[in-house]
Amino acid sequence: MSAKEPFMKRLSLLLFLIPFVSAIAQTPSVAEDQWRVVHADRMQIREGSALDLSENSALPRLPDGTLPRLKIREDGKLSARLMGFNCGSFFHFPRSPYPQPTREEITSFARAVRRQGYNAIRFFDADLLCTEKDLLPNEERFALLDHLLAELGRNGIYCTLPIAAYRIFRKDSVKARKNRRFNDTKLRMYLGDPETRRAWESGTRMLLNRRNSCNGKLYRDDTTIGVLEFWNELEGGLIWGGISPETQQLATEKFREYLQRKYPSRSALKQAVGLESPEEVRVPSRMLGNLEKTPLDREFLLFTGSLARECFDWCESVVRAAGYRGLTAQYDVPHWINNLAVRYEKSPVALSHKYFAHPYLRKGRYFCSQQSCVHAFAQNFLLNNASRYADRPHLITEYCQPCWNRYQFEAGPLFGAYGALQGTDGLFIHESAVLLVPKRGSYPYSFFHVGSNPVLRAGEFIANMLYLRGDVKRAPFRIDLTIPREATRLYQGLSLEQIRLALLCGFAITFPDLPRPPELKTTPVPAVLTIPMQGKSKDAGFSGGWSAELKEDGKSAFDMNSVVATLKKRNLLPAGNRTNPDAGMFESCTGELLLDSPGKTFRVITDRTEVITMEKGRKELPGFLRQITLSEAGCFAVISRDRRPLRESRRLVLVYSTRVANTGMEWDETGEYLLKRGTLPVRMKTGRFHAEFSNPSSRKFRCYALNLSGERMEELPLHQKGNRLTVSADTSRIKEISPFFELVAEENHHEE
């Protein structure tokens, strides 16, 4: 080799990179603003492809092939780690944009769920079975649900089943679905309204005593039903308004009765709340949504807690009387401390829901925050995790960072990584991560729809590796936050700063003054550190009716720096751990996760997967991925598909995801207010990446662009020199827009 040859090779590589790097440095070009159509017919993963995650989603079976009943282990963990999604839009009417699924499509759907890496779904439409009259099930609909449960069981997929969500087995019709007084009905359930309770009880008995026409099992005995929930987001009746005057009057009467029982004398009532008579009371139309800090407000909060306890006990008695022996759970919007306390006392499985940048109507237009969740310290994961108790399973049964938030690529990596770090028992994204049937017409999917969204799909692929495959280690120790009984007497949440401890290590809450569910016989591993509750948060004024937002309420005595110093002194955090709370930097105790809030950067480095979410630009990295340059803000990941460490892997998947929008979708100059929702098809923003990897074996690779089903579309050029491997791609130029690419060692390049 001549002396000129190395120089010429370096020059050749430099000339190759100049157009790419200079394009990033320039102002936005036509290519950077380009949005390409997503192919809706590529949504089901091809068996055996690089995107087939069936191996990750496999669960142990009984000798007869059925799933064992989910149980709570002695250490408080669930007997299986679950990753799933919310499955609604199942039952439809003839003119609906969603066709009614056939049995064949349901069979195909269940297989697709496994290939996409899920071992659970959360089914929403059980209370939509009746179409002719209240509590009279439509046999055609019931037969489809039979088939779905049978196919889920056959494919090793658990079903988490909310008994009620919207209709409570009343007549379902197009007209009825336009009546959106969901929260009114939920509040009446709390209040013990006889008609509401009768509908729920009758529907529950009908459901649990149904004999499946496909597998012959009674629903109550079918172990495919992993967890039975009483009612989805029942708390909406307490916090989101939409209450009729009649229901408000019923609540007023119940509160007066509560006060009369608790303070039977006029003098006791006046001393406690400053009133002469309970008849002076009238509850607010938004219930807890308008609560302040007066003595009467405190009593009202305690009153709602007593309603919640009684409601849980009544529902539990109904399902047990019907013969169901599996796990039950209730109360999944537990952001205020009184509700956390109720759930601690009653629910053997903890559920939680929390979104980031949830769209809602503001000033007559849809609004969606354009803030980065990384910049907000992964707040929606932290709020979910801050409802976790160490002595029982915790399922996050709804979360999302929906379209049109421009950082939606953060959701999968954040929940997958921190869910694994915390040992969360289940992650269920909302919604429809696997398409049951394609949608008809041009009206777009919901803002939360995952199956049609390649950015959220890419995030779920990454999360599956971090969480379900277990590439991110669980934290080896835990800090417990103790909450005193006094804290339950105010409508408040936990300190948003204190719950950031979950970015470092295991974190859970406990109520030492309260009893646990009597059936819960667990002994979790003790916490290495127990700290008192310090500081609090309050309602941030969100009034969208589907989510809850919190903000810090005043100054706290909590000192994060002191806790970090204590952990380092006890060698629980390595001396080199880069956590700096004042700088907004948090590194996990395992060293695998690093969140930089001001830099809007989140990084994961494990033996088999490396991920970075970032703004556009260049980052130098210390792992297998040495350098990454992105022309658009996004998520980039490299994943070993053959389970070998990255440096030894012969088959890898690269992911580069940006953002999606509907065709013709428009927003204002802030990006927050929607001007036009647009139509189908969905479009994905194009971008370019330039990635440099270490390649210590000097193995030769080939690179392919993959479509959304995992099929190889075309081979892309790459550059290799010694122990360095360089891959560049421009998604505006590949055959079809997709976030997925495959690297295959030349000796394995025929594998698909």
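The shown structure was predicted, so the numbers you read here are calculated from the model rather than taken from an experiment.

Parameters and conventions
- Residues numbered from 1 in each chain as written.
- Predicted model: local features only at pLDDT ≥ 70, side-chain atom pairs only at ≥ 80, totals over all residues.
- Heavy atoms only, no water.
- Helix = DSSP H or I, 4+ residues; strand = E, 2+ residues; numbered from the N terminus.
- Rg over C-alpha atoms; globule rule 2.2 N^0.38 Å.
- Buried < 20%, exposed > 50% of the residue type's maximum accessible area, 1.4 Å probe, protein only.
- Contact = heavy atoms within 4.5 Å.
- Areas by Shrake-Rupley, 256 points an atom, 1.4 Å probe, with all protein chains shown as cover.
- Right-handed = clockwise from strand over helix to strand, strands pointing away.
- Pairing = 2+ DSSP bridges.
- Axes fitted to C-alpha atoms, helices over the stretch in contact; angles between N-to-C directions.
- Polar contact = N/O pair within 3.5 Å; in protein donor to acceptor, adjacent residues only side chain to side chain.
- Core = buried A, V, L, I, M, F, W, Y, C linked by side-chain atoms within 4.5 Å.

Participant: Sorry, what's going on with the overall build of the protein chain here?
Facilitator: If you tally the helices and strands in the protein chain, you get 16 helices and 36 strands. The C-alpha radius of gyration of the protein chain comes to 27 Å, within 12% of the 27 Å expected for a compact globule of 752 residues. Overall size of the protein chain, expressed as C-alpha extent along the three principal axes, is 105 × 60 × 55 Å. For the protein chain, the residues scored as buried account for 62% of the 752 residues in total. When contacts within the protein chain are restricted to residue pairs at least 6 apart in sequence, long-range pairs at least 24 apart make up 75% of them. On the protein chain, roughly 28,300 Å² of surface is accessible, and the fraction owed to carbon and sulfur atoms is 50%.

Participant: What should I look at first to understand the pairing of strand 3 (residues 120-123) in this one?
Facilitator: Regular strands have side chains that alternate between both faces of the sheet. Neither face of strand 3 is left uncovered, since the one carrying Ala 120 and Arg 122 and the one carrying Ile 121 and Phe 123 both have all their residues buried. Between the parallel pair strand 2 (residues 82-87) and strand 3, the chain is carried across by helix 3 (residues 103-115), and the sense of this crossover is right-handed. The pairing of strand 3 with strand 6 (residues 158-164) spans three bridges and is classified as parallel. Looking at strand 6, one finds that Arg 122 is bridged to Thr 160.

Participant: I keep staring at the sheet that holds strand 31 (residues 688-694) and nothing clicks. Help me out?
Facilitator: Hydrogen bonds along the backbone pair up the strands of a sheet, which may run parallel or antiparallel. One open sheet accounts for five strands, arranged 23-24-31-35-34; its pairing is antiparallel. Since the sheet does not close on itself, it has two edges, and those belong to strand 23 (617-620) and strand 34 (718-721), each with one partner. The mean angle between the axes of side-by-side strands here comes to 10 degrees, regardless of whether they run parallel or antiparallel. The pairing of strand 34 with strand 35 (residues 724-730) spans four bridges and is antiparallel. Residue pairing for strand 35: Gln 720 is matched across the bridge by Leu 725.

Participant: Just to check I follow, could you spell out the sheet that holds strand 14 (residues 478-482) for this structure?
Facilitator: Taken in spatial order, the three strands line up as 15-14-16 in an open sheet, and their pairing is parallel. Each of the sheet's edge strands pairs with one partner strand only, and the pair in question is strand 15 (506-510) and strand 16 (529-532). Taking each pair of neighbouring strands and ignoring which way they run, the sheet shows an average axis angle of 25 degrees. Across five bridges, the pairing between strand 14 and strand 15 is parallel.

Participant: Quick question: what am I supposed to make of the environment of Glu 276 here?
Facilitator: If you trace the backbone, Glu 276 turns up in the loop between helix 10 (266-273) and helix 11 (295-321). For Glu 276, a relative accessible area of 33% translates into the label partly exposed. Residues Glu 276 and Ala 350 lie 74 residues apart in sequence; the distance between their C-alpha atoms is 40 Å. Apart from residues lying up to four places away in sequence, Glu 276 is in contact with Arg 266, Leu 269 and Lys 270. Within polar-contact distance, the side chain of Glu 276 engages the side chain of Lys 270 at 2.9 Å.

Participant: Explanation requested: the nonpolar core in the structure shown.
Facilitator: In summary, soluble globular proteins display a tendency toward joint burial of nonpolar side chains. With 194 residues, the main nonpolar core has Phe 85, Ile 121, Phe 123, Leu 145, Trp 200, Tyr 418 and Phe 511 as its most contacted residues. Per-element tally for this core: the top contributor is helix 11, with eleven residues. Excluding residues within four positions of it along the chain, Phe 123 makes contact with Cys 87, Phe 90, Phe 91, Leu 145, Leu 148, Cys 159, Thr 160, Leu 161 and Pro 162. The next biggest cluster of nonpolar side chains, apart from the first, holds 29 residues, and it includes Ile 628, Phe 636, Leu 725 and Phe 741.

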